[in-house]
Amino acid sequence: MIGPVDSSKVPRFAGPATFARLPRLDEVGKADIAVVGVPFDIGVSYRPGARFAPAAVREASRLLRPYHPGLDVSPFESAQVVDAGDIVCNPFNIGKAITEISEQATELLNAGAKLVTVGGDHTIALPLLRAVASKHGPVALLHFDAHLDTWDTYFGEPYTHGTPFRRAVEEGLLDTSALSHVGTRGPLYGRADLSEDARLGFGIVTSADVMRRGVDEVVEALRERIGDRPLYVSVDIDVLDPAHAPGTGTPEAGGMTSRELLEILRGLAGTNLVSADVVEVAPAYDHADITSIAASHVAYDLVTLLAMGVAK
Ligand SMILES: N=C(N)NCCCC(=O)O
Ligand SMILES: [Zn+2]
Ligand SMILES: [Zn+2]
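Owing to the predicted nature of the structure, the values given are computational and were not obtained by experimental measurement.

We now examine the UniProt feature "binding site: Mn(2+)" (unreviewed entry) in the protein. Residues given the UniProt feature "binding site: Mn(2+)" (unreviewed entry) here are His122, Asp145, His147, Asp149, Asp236 and Asp238. Spanning 117 residues, the named residues nonetheless gather at one spot, since no C-alpha pair among them exceeds 12.1 Å. Here His122 lies in the loop between strand E3 (114-118) and helix H5 (125-136). Not counting the four nearest positions on each side in its chain, His122 is found in contact with His143, Asp145, Asp149, His161, Pro164, Phe165, Ser234, Asp236, Asp277, Val279 and Glu280. Within the secondary structure, His147 is located in the loop between strand E4 (139-144) and helix H6 (164-170). Look past the residues within four positions of His147 in its chain and what remains in contact with it is Asp236, Asp238, Thr250 and Glu252.

Listed below in structure tokens is the structure:
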């Protein structure tokens, strides 16, 4: 395995930023796990700027260290992990961008890598799920988000950051017996948002449920629903309270703490995770890199979960 640059030999603030100072894909050739950026944000309904997230999250990831004590794993030793750079997609045409994202994600998956994608706005979950489902068939989905993202259209448009999971169900990309939102909160357009979401097959663990029931009970319920199905995890960073993630496009009060999110992710060890994304970081609204740091730790935990699967 080729690991990250050793921060005891080369100061961690020196040199260009790759995720966690990992080697680039072209330096290694073949990877078990690839962290890949998608600088795309033309699907947003409010504040733009998630196109700058891949660069910001890479910068914020310089302080990550190679051993994960919570899971007792050195992920970069258990698996070849790389930074695969950014997916190149059209910044003016959503339809073209979606095609490009799914094509380039498919290429990486076909080369044998599992993906942790750093968005980008939440629109990108749809092309990523197309790529993942073409390899694994319909997958279980664990969706961390303040929002449902199962709305139908905005301004008549079907491909937006508020609609990816309705499209994914319609396209048969998801195993509708194992779909969960976690961290849901905030005002909706109407009651029908919830009934339609339930009709699509989603179960909801609200942000308040996480606080009332606690992490362990939530993990147990989620694991039961997921079973041994191939699992895709999508983390919209706005699942965190704006105090923990101010740098995002559609912030909602009353969110989870980064501690709760990371602990729920750790509770997924042993599930059949096949790929994941972290989306909706908008660095222009961030302060002191709070949001990018949270996103870099979420991505690190997702990489670690995938590495545990590779090592098995
Ligand atoms: N996926 C995210 N972050 N937000 C969706 C918000 C949709 C709305 O403007 O109602
Ligand atoms: Zn959201
Ligand atoms: Zn979202």
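There is more to say, and it comes next.
Those protein atoms acting as donors to the zinc ion (ligand 3) are His122 (ND1), Asp145 (OD), Asp149 (OD) and Asp236 (OD), and they sit at 2.0 to 2.1 Å. Read from N- to C-terminus, the donor residues coordinating the zinc ion (ligand 3) fall into the pattern H-x22-D-x3-D-x86-D. A separation of 3.2 Å is found between the zinc ion (ligand 3) and the zinc ion (ligand 2), which are bridged by Asp145. Of the two residues, Asp149 sits in the loop between E4 and H6 while Asp236 sits in strand E7 (residues 230-236), which places them 87 residues apart along the sequence. In terms of burial, Asp149 and Asp236 fall into one category: buried.

Between helix H9 (residues 215-226) and helix H10 (residues 258-266), the least distance of the axes is 9 Å, while the angle of their chain directions is 40°. In terms of orientation, H9 lies oblique with respect to H10. Every pair of crossing elements has a handedness; the one defined by H9 and H10 is right-handed. Taking contact as the criterion, the partners of Val215, Val218, Val219 and Leu222 in H9 are, on H10, Glu260, Glu263 and Ile264. Class assignment for the residues of the contact of H9 with H10 results in 5 nonpolar, no polar and 2 charged.

Phe144, Val233 and Ile264 are the most contacted members of the largest nonpolar core, which totals 54 residues. Element by element, the count of residues in this core is highest for helix H11 (residues 290-311), at 10 residues. Among residues more than four places away in sequence, those in contact with Ile264 are Phe144, Val182, Val210, Val215, Val218, Val219, Leu222 and Met256. Grouped together as the second largest cluster of nonpolar side chains are 38 residues, Ala113, Leu115, Ile124 and Leu174 included.

To continue, consider the coordination of the zinc ion (ligand 2). The zinc ion (ligand 2) binds to the protein through Asp145 (OD), His147 (ND1), Asp236 (OD), Asp238 (OD) and Asp238 (OD), with metal-donor distances spanning 2.1 to 2.5 Å. Metal-centred angles of 57 to 162° between the 6 donor atoms at the zinc ion (ligand 2) mark the site as irregular. Positions of the donor residues of the zinc ion (ligand 2) along the chain correspond to the pattern D-x1-H-x88-D-x1-D.

This brings us to empty space enclosed by the protein. This structure, assessed with the given rule, holds 1 cavity of 30 Å³ or more. By volume, the largest cavity amounts to about 40 Å³. Every element with two or more residues in the lining of the largest cavity is listed here: strand E1 (33-37) and helix H2 (53-60). A class-by-class count of the residues in the lining of the largest cavity yields 6 nonpolar, 1 polar and 2 charged.

Criteria and thresholds
Residues numbered from 1 in each chain as written. Chains lettered and ligands numbered in written order. Predicted model: local features only at pLDDT ≥ 70, side-chain atom pairs only at ≥ 80, totals over all residues. Heavy atoms only, no water. UniProt positions renumbered as here; feature names shortened; annotations may be inferred. Helix = DSSP H or I, 4+ residues; strand = E, 2+ residues; numbered from the N terminus. Contact = heavy atoms within 4.5 Å. Donors = N, O, S within 2.8 Å, 3.2 Å for Na, K, Ca; no water. Buried < 20%, exposed > 50% of the residue type's maximum accessible area, 1.4 Å probe, protein only. Axes fitted to C-alpha atoms, helices over the stretch in contact; angles between N-to-C directions. Parallel < 35°, antiparallel > 145°, perpendicular 65-115°, else oblique. Left-handed = near helix turned anticlockwise from the far one by under 90°. Nonpolar A, V, L, I, M, F, W, Y, C, P; charged D, E, K, R; others polar. Core = buried A, V, L, I, M, F, W, Y, C linked by side-chain atoms within 4.5 Å. Tetrahedral: all angles 85-135°; square planar, octahedral: opposite > 155°, others 65-115°. 1 Å grid on protein atoms, 1.4 Å probe; cavity = no way out; pocket = protein on both sides within 12 Å on 5 of 7 lines; lining within 4 Å. Points joined across faces, edges and corners; volume = space filled by probe spheres on them.

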